[in-house]
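# Structure assessment
Single-letter residue listing:
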Amino acid sequence: MRPTARAASTTPAGRSAPLDVAGLQRRLAEFAAARNWEPYHTPKNLVAALSVEASELVEIFQWLTPEESARVMEDPDTAHRVGDEVADVLAYLLQLCEVLGIDPLAALDAKIDRNEHRFPV
C-alpha cells in the first residue's frame, strides 16, 4: 500500500474532496494523456522542466533580504506567484516519480531516516 499525503480541497463544484499523492499523479497523467503529451514526459524532459520551474521560484526570492523573503506571502500578487511556482515544481516532481516508479513519500521517509543516522543530535 502506498502512503499518501492527504489534505482537504474544494472541487470545481465547491464540494470538499480529499487530496492524495496518487490522486494528483493520476490527474496529472490524465491531463497529459488528453493532450498527447506522454511522449514528451521522459525522465530527462521532466527533470529539465522541474529545474526550470524551481529556477522560476528562485527568481521571486533572488534579490530579497532575509526579512523580505520571510514576508513574501503578505503581498497577494507575490503570494499567488509563489503558490503557482510551488505547484509547478510539485507537478513535475510527481510526474517524474510516476514515470520512474518512485513513491515520493516513501523516498522522503527513507531519506529522513538516513539523515537522522547521518546527523545525530
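Residues numbered from 1 in each chain as written. Predicted model: local features only at pLDDT ≥ 70, side-chain atom pairs only at ≥ 80, totals over all residues. Heavy atoms only, no water.

If you look the chain up in an unreviewed UniProt entry, it shows as Nucleotide pyrophosphohydrolase from Streptomyces hirsutus.

Here the focus is the environment of Leu 50. Positionally, Leu 50 belongs in helix α2 (residues 43-61). A relative accessible area of 17% means that Leu 50 is categorised as buried. Taking the C-alpha atoms as reference points, Leu 50 and Tyr 92, separated by 42 residues in sequence, lie 5.4 Å from one another. Apart from residues no more than four positions distant in its own chain, Leu 50 is found in contact with Val 89, Tyr 92 and Leu 93. (Helix = DSSP H or I, 4+ residues; strand = E, 2+ residues; numbered from the N terminus. Buried < 20%, exposed > 50% of the residue type's maximum accessible area, 1.4 Å probe, protein only. Contact = heavy atoms within 4.5 Å.)

Turning our eyes to something else, we now look at the packing of aromatic side chains. In total, this model carries one aromatic pair according to the counting rule given. Over the ring of Phe 31 we find Arg 35; its NZ or CZ atom is 3.5 Å from the centre of that ring. (Phe/Tyr/Trp six-rings, centres within 6.5 Å; stacked < 30°, edge-to-face > 60°. Lys NZ or Arg CZ within 6 Å of the ring centre and 35° of its normal.)

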